Amino acid sequence: MASGSNMMAPICLVENINGQLSVNQEALQILGQISQPVVVVAIVGLYRTGKSYLMNCLAGQKHGFPLGSTVQSETKGIWMWCVPHPSKPNHTLVLLDTEGLGDVEKGDPKNDSWIFALAVLLSSMFVYNSVGTINHQALEQLHYVTELTELIRTKSSPTPNRGDDSMEFVSFFPDFVWTVRDFTLELKLNGHPITEDEYLENALKLIPGGNPKVQIANLPRECIRHFFLKRKCFVFDQPTKDKELLANIENVPENELDPKFQEQTKNFCSYILTQARTKTLRQGIVVTGKRLQTLVVTYVDTINSGAVPCLENTVTTLARIENSVAMQKAADHYSEQMAQQVRFPTDTLQELLDLHTACEREAIAMFMENSFKDEKQEFQKKLVEIIKDKKDDFMLQNEEESVKYCQATLDQLSVALMESISAGTFSVPGGHKLYLETKERIERDYGKVPRKGVKANEVLQSFLQSQMAIEESILQADKVLTDGEKAMAAERARKEAAEKEQELMRQKLKEQEQQMEADRRSLEEHMAQLKEKLEQDRESMIREQNMMLEHKLKVQEDLLTAQFRKKSEEMDAEINQLRNMIETENDSHLILEALSIIFKEFIAILFAKPVGDIVTRMSSLFKKI
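Let us look at the structure shown here.

Here is what the cut-offs are and how they apply
- Residues numbered from 1 in each chain as written.
- Predicted model: local features only at pLDDT ≥ 70, side-chain atom pairs only at ≥ 80, totals over all residues.
- Heavy atoms only, no water.
- Helix = DSSP H or I, 4+ residues; strand = E, 2+ residues; numbered from the N terminus.
- Rg over C-alpha atoms; globule rule 2.2 N^0.38 Å.
- Buried < 20%, exposed > 50% of the residue type's maximum accessible area, 1.4 Å probe, protein only.
- Contact = heavy atoms within 4.5 Å.
- Areas by Shrake-Rupley, 256 points an atom, 1.4 Å probe, with all protein chains shown as cover.
- Lys, Arg positive; Asp, Glu negative; His and termini not counted.
- Charge placed at Lys NZ, Arg CZ, Asp CG, Glu CD.
- Disulfide = S-S within 2.5 Å.
- Expected span 1.5 Å × (residues − 1).
- Bend = angle between axes of the 7 residues up to and from the residue.
- Polar contact = N/O pair within 3.5 Å; in protein donor to acceptor, adjacent residues only side chain to side chain.
- Pairing = 2+ DSSP bridges.

1. Overview of the overall build of the protein chain
Scanning the protein chain from N- to C-terminus turns up 21 helices and ten strands. Since a compact globule built from 625 residues should have a radius of gyration of about 25 Å, the 37 Å found for the protein chain marks it as more spread out than a globular shape. Summarising its shape, the C-alpha atoms of the protein chain cover approximately 130 × 55 × 45 Å along the three principal directions. Within the span of the protein chain, comprising 625 residues, buried residues form 48% of the whole. Considering only intrachain contacts with a sequence separation of at least 6, the fraction spanning at least 24 residues in the protein chain is 75%. Working note: accessible area of the protein chain is about 30700 Å², and carbon and sulfur atoms make up 51% of it. Where the 74 positive side-chain charges of the protein chain centre and where its 93 negative ones centre are 3 Å apart.

Next comes the structure, spelled out in C-alpha cells:
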C-alpha cells in the first residue's frame, strides 16, 4: 500500500448528476492507497465566488480545480486533490472543492444542503467563501448551517435525558474559516480598528429581541457559535480592477495582481497549511486516506437511501472494517515473528513458550494500536483464538521436528546394536552383559546430542520399550547367568523402565504447567493492554467532554454578557448533562466491570478446563490488573 499520494490534477470524488449523488470509484481507489493520516480542507460557498482559486493556491498550483469565467457553476459535486502536506511530514493534504451553492440551474435546493453537510462531515477545516461583507444577507445565505441538525445525527438512537444530540456536534465538527472576497469596507468598529476575527465575531453577535424575524435571523449565528469551536476570518481585496484579467485570473502573472490581495492570499494559505488539523473522529480516532474512503462511501450511501448520516453508525462501520484488518495484521505479525525466530526443535518447551509470549505481546500491541471501538472486544477475542491456534500449531510442529530428529539420531546410534542382534552377537554366554553395555553406550551418546527437543525422552523411551522383548530373549538365552540372576536382571529392567516412565510423566506434567503458565501470561497481557486502552479511551472521552463543556460555558458567558439571560439559562440543561457525563466517565468502576466480563470470556478461550475452576485459580491475577 502506498503511504501517500501526489495527484497531478483533481478528480471528482462525489458526482452530482440530476440531483443524485454517487461516488467515483477511481477517486476511492486513490484514497484507498493512502495509509497516511489526512488533513482535509473543504471549501463551500455560492457559485462564481472564487472558491477554486483559493484551493489551487493551497495546492501550490495556478491550475487544477476549474475556475471558469461565466455565470454558470463550473464545479459539480465534490472534487478532490490529494497532495503531500507541505508542512506536516507523513501527512496527506486532501483538498475538497464543492459545487457552488445556490446555482439557479439546480432544481432541488436540498441538493445544496447535502453537499454542505458532506463538506462538514469529511473535513478537518471547513472554509465558507462569500463575496462583499458579512451582513444580514450573507448570514441568510448561510442558512445551510441551520439545517445540519436535520441532516446529521450523532447517535444512532436518542439517548434518554440527553436532549438534542446536536449539542455534541462541536466534538467532531471541523474548524470554521470564513473567507470574504472583494471586501471593500474598512476594518473598524465604532471608529476603532479591529481584526478580521473580531469582524467575524461581531457579525455573529445575536440581535436583541424575541420576535420571529429576529429569531430566524439569529439562528445561523447561534449555529455557527454552537457548532464550531474554532473560528477564523480572512478578508480579500479584489485581485485586480481589470475585468478581462479577472475572468482569467489563473493565467494572470502574480506581479499583475493587487499586492494586497497577494499578501492576503499568502496569509490565508499559511494559516490553513499550518493550523488545519489532522482529520479525526470522536475520541481522537485518526482518519487515514483509507478510512476517509470508508467515510465517503458510508455517508453517500446513507444519503441516497433517504436516511440521515449518523456519526455513531459510520464509526461502527469503519471500526468493523478496520478492526478486522487490525486483527489479521496482528495475527500475521505473530506468525511471521515466530517463523523468523524459532529454531526447530527447541531445546525445551519453555524456550518456545517464551518466544510465543514475546511475539504475542507485540501482536496484541499492534492490534491495540490499529483497532478502535472494538465493541465487547469481539475482534480481540477472535485474536485470542487465532493466536492460541497458531501457538498450538507451532507446538505440534516443534514436537514433530523433535520426534523426527530424535528418531533419526537413535537410528544412527543404534546401527551397530541392530547389526549385532541380527548377527547373533549377543546369543552367546555373557551376551546379556554385552548387550546392556552396548545399549547403555547408545543412551550415553544420545544424551550428549544437543537440542533434541521436547520429545527426546519420549522417543528414547519408545526405543527402549521396543528393545524389551529382545533384551528378555537375550537374558533368558544367556547360560552364564543362573535363574536367580536372570530374575534379578529382569526385575531391575522392569524397575528402570518404570522409573523412566515416571520421569516421562513428570516431564509431561511440568510441560502442562508451563503451558498453563504461558496461557496465564497471555491472559495477563491481553487484560493489561486492554485495561490501558480502555483507560486511554476514557481519558480521551473526558478530554472531549471537557472541551465541549468549556465551549458551552464560553457561549453561555457570551450570552450573559450580551444580556441574553433567557438563552443563557436554556443552556443550563445541556451543561448539567455534560457535567453528569463527565462524572460518569470518571467512574473507574465502569472499566472494572467491563474487564471482569471480558476476563471470563478470555479464560473460556484460553483454558480447556471448566471456566469456574479456572476463574477461582485466576482471581488473584485479575486483582493485580
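2. Examining the state of the cysteines
For the structure shown, the criterion picks out zero disulfides. Here Cys310 is not cross-linked by a disulfide; its sulfur's nearest cysteine counterpart is in Cys223, at 19 Å. Among the residues examined, Cys310 registers a relative accessible area of 7% and is labelled buried.

3. Observations regarding helix α7 (residues 212-227)
With 16 residues, α7 extends 22 Å from end C-alpha to end C-alpha; this agrees with the ideal 22 Å at 1.5 Å per step. The sharpest bend along α7 comes to roughly 35 degrees, located at Asn218, with the proline Pro220 sitting one to four residues further on. By the burial criterion, the buried members of α7 are Val214, Ala217, Asn218, Pro220, Arg221, Glu222, Cys223, Ile224, Arg225, His226 and Phe227. One side-chain oxygen of the residue at the start of α7 lies 3.0 Å from the amide nitrogen of Lys213, identifying that residue as Asn211.

4. Some points on the side chain of Gln264
With respect to the secondary-structure elements, Gln264 resides in helix α9 (residues 259-275). The class of Gln264 is buried, set by a relative accessible area of 11%. When neighbours within four sequence positions are excluded, Gln264 is seen to be in contact with Val235, Phe236 and Asp237.

5. Looking at the pairing of strand β2 (residues 20-23)
What you see with β2 is a clean split: Leu21 and Val23 sit on the buried side and Gln20 and Ser22 on the side with no burial. In terms of strand pairing, strand β1 (residues 11-17) meets β2 through four bridges, oriented antiparallel. Pairing of Glu15 across the sheet is with Ser22, part of β2. Where β1 folds back onto β2 in an antiparallel hairpin, the turn is made up of two residues, including Asn18, whose phi is positive at roughly 55 degrees.

In short, the description is geometric, and any link to function would need to be established separately.
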